[in-house]
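Observations on the model geometry
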Amino acid sequence: MADVNKLVFSILKFLEDQKKSGQLDDEAAESLEVAVQCLEQVYKINTADEECVRKFSVPQNLLDIFNAQLNETESDLASLSLHEATPEQKEEAEKLKNKGNDFMKSEKFSDALESYSQAIRLDARNAVYFCNRAAAYSKLNKHQQAIEDCNRALAIDPSYSKAYGRMGIAFTALEDHESAFECYRKALELDPDNQSYQNNLEIAEQKLKEAAVQAGFNAGPAGGLGALGGLGNLDFSSLFSDPNIVNMATTMMSNPQVQQMMASLVSGSNPTSGGGLSSLLQASQQMASQMQQANPELVQHLREHMRGQNQGSNNNTQDPPEGRDV
């Protein structure tokens, strides 16, 4: 009851401060006075009484406490959980998690999110609760929050493959396919027999290839021509069966600038940047520009050929499966 009295005392002080603020008209101030009198009568508390002040006053006023709570992130709250949850708390948290799972099945994602959050408040050391809440965040298109929850789950259990898998789904939704690829790769390392992770890894890899093609060159996440056996998925046997195409390509490749760019791409390096996928894309853009200048007809033919093959591969793209803990 002492805590309740402290709360009532704080409410009374807040109402009195509002009356004195001068921001209320006479009618509103009179209504507040009635509310103050009612609370004082019910709880037998008087803010002017020295004994009440000594017993029930708190260091901060109610508005400051409220604002501080709003600004406090859930990650901060989780870090305050220094002690292991009691068996009773764990049991209740598990019930809330199961309730959240039922909400997910019913596509009540906001309700599921709240259930998982309640479970976390009871037991912030359970990685499953954070991972399940990440799934709810993803369903609500709050992908950055999903990534944060997956990271929290992995901080608790670094070997939790599903957290990597769900983080990959969130990165995919944000079109960060390079990060998604890394997440799926780590998930597959932890769970090599999981076909969903394998499928999602292949999808992410294909997205990276498509991004490179759009820049003017088809590359895999490892970079370099050798990783893909030449220009990726291009069917050279059909492309160069036309003698005119062969002649155009031969003429273009006699250009010293194009030869230099090809040598750079074959080695997977670019003297103008620090290496990796980004430098490879930059080099491919430079090469595309050189090719466009040297022989625009060949470039157009290559683009049409690539576009046709990419449309065929996109038809096989799957939505990443979600899965749930139970």
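These numbers come from a predicted model, not from an experiment.

What follows covers the overall build of the protein chain. Scanning the protein chain from N- to C-terminus turns up 17 helices and zero strands. Across the 326 residues in the protein chain, those meeting the buried criterion constitute 36%. Restricting the contact set of the protein chain to residue pairs at least 6 apart, pairs at least 24 apart contribute 57%. In the form shown here, the protein chain has an accessible surface area of approximately 18700 Å², with 49% of it arising from carbon and sulfur atoms.

Turning to the pattern of salt bridges, a few remarks are in order. One pass over the full model with this rule turns up 10 salt bridges. Across the salt bridge formed by Glu-84 and Lys-90, the nearest N and O atoms sit 2.6 Å from each other. Exposure remark for Glu-84: the relative accessible area of 45% places this residue in the partly exposed category. Counted as one network, the salt bridges with shared partners bring together Glu-84, Lys-90 and Arg-125.

Attention now goes to the UniProt feature "repeat: TPR" (unreviewed entry) in the protein chain. The UniProt record marks residues 93-126, 127-160 and 161-194 with the feature "repeat: TPR" (unreviewed entry), using the residue numbering of this structure. Secondary structure content for residues 127-160 is 79% helix and 0% strand, and the end C-alpha separation is 8 Å. As a span, residues 161-194 carries 79% helix and 0% strand, and end to end its C-alpha atoms are 10 Å apart.

Quick look at the nonpolar core now. Ranked by size, the top nonpolar core spans 41 residues in total, and within it Met-104, Ala-153, Tyr-160 and Met-167 carry the most contacts. Breaking this core down by element, the ones donating at least two residues are helix H6 (87-105), helix H7 (109-122), helix H8 (127-139), helix H9 (143-156), helix H10 (161-173), helix H11 (177-190) and helix H12 (195-214). Ranked by residue count, the leading element in this core is H8, at eight residues. By size, the runner-up hydrophobic cluster in this structure holds nine residues, among which are Phe-9, Val-36, Ile-45 and Cys-52.

What follows deals with a negative patch on the surface. Together, Asp-25, Asp-26, Glu-27 and Glu-30 line one region of the surface with negative charge. Inspection of the secondary structure assignment puts Glu-27 in helix H2 (residues 26-43).

An ideal rise of 1.5 Å per residue puts 18 Å on 13 residues; H10 measures up with 19 Å between its terminal C-alpha atoms. By the burial criterion, the buried members of H10 are Ser-161, Lys-162, Ala-163, Tyr-164, Gly-165, Arg-166, Met-167, Gly-168, Ile-169, Ala-170 and Phe-171. In the stretch just after H10, Glu-175 is the one whose phi turns positive, near 60°.

Across its 19 residues, H6 extends 27 Å between first and last C-alpha, which sits within 8% of the 27 Å expected from 1.5 Å per residue. Ala-93, Leu-96, Lys-97, Gly-100, Asn-101, Phe-103 and Met-104 are the residues of H6 that are buried. All buried residues of H6 lie within an arc of 155° about the axis, which places them on one face of the element. Turned more than 90 degrees from where H6 packs its buried face, Pro-87, Glu-88 and Lys-105 sit exposed. Against H7 and H8 lie the buried residues of H6. Two residues or fewer after H6 comes Glu-107, characterised by a positive phi angle close to 60°.

Take the environment of Glu-91 next. Its location among the elements puts Glu-91 in helix H6. The exposure class of Glu-91 is partly exposed, given its relative accessible area of 49%.

Phi at Lys-44 takes a positive value of approximately 55°, unusual for a residue other than glycine. Within the secondary structure layout, Lys-44 lies in the loop between H2 and helix H3 (50-56). Accessibility expressed as a relative area gives 66% for Lys-44, which makes it exposed. In this structure, Glu-175 takes a positive phi of about 60° despite not being glycine. With respect to the helices, strands and loops of the structure, Glu-175 is situated in the loop between H10 and H11. By relative accessible area, Glu-175 is classed as exposed at 64%.

Scoring rules and cut-offs
- Residues numbered from 1 in each chain as written.
- Predicted model: local features only at pLDDT ≥ 70, side-chain atom pairs only at ≥ 80, totals over all residues.
- Heavy atoms only, no water.
- Helix = DSSP H or I, 4+ residues; strand = E, 2+ residues; numbered from the N terminus.
- Buried < 20%, exposed > 50% of the residue type's maximum accessible area, 1.4 Å probe, protein only.
- Contact = heavy atoms within 4.5 Å.
- Areas by Shrake-Rupley, 256 points an atom, 1.4 Å probe, with all protein chains shown as cover.
- Salt bridge = Lys/Arg side-chain N within 4 Å of Asp/Glu carboxyl O.
- UniProt positions renumbered as here; feature names shortened; annotations may be inferred.
- Core = buried A, V, L, I, M, F, W, Y, C linked by side-chain atoms within 4.5 Å.
- Patch = residues over 30% accessible without salt bridge, like charges linked within 9 Å, V, L, I, M, F, W, Y side chains within 5 Å.
- Lys, Arg positive; Asp, Glu negative; His and termini not counted.
- Charge placed at Lys NZ, Arg CZ, Asp CG, Glu CD.
- Expected span 1.5 Å × (residues − 1).
- Arc of directions from axis to C-beta.

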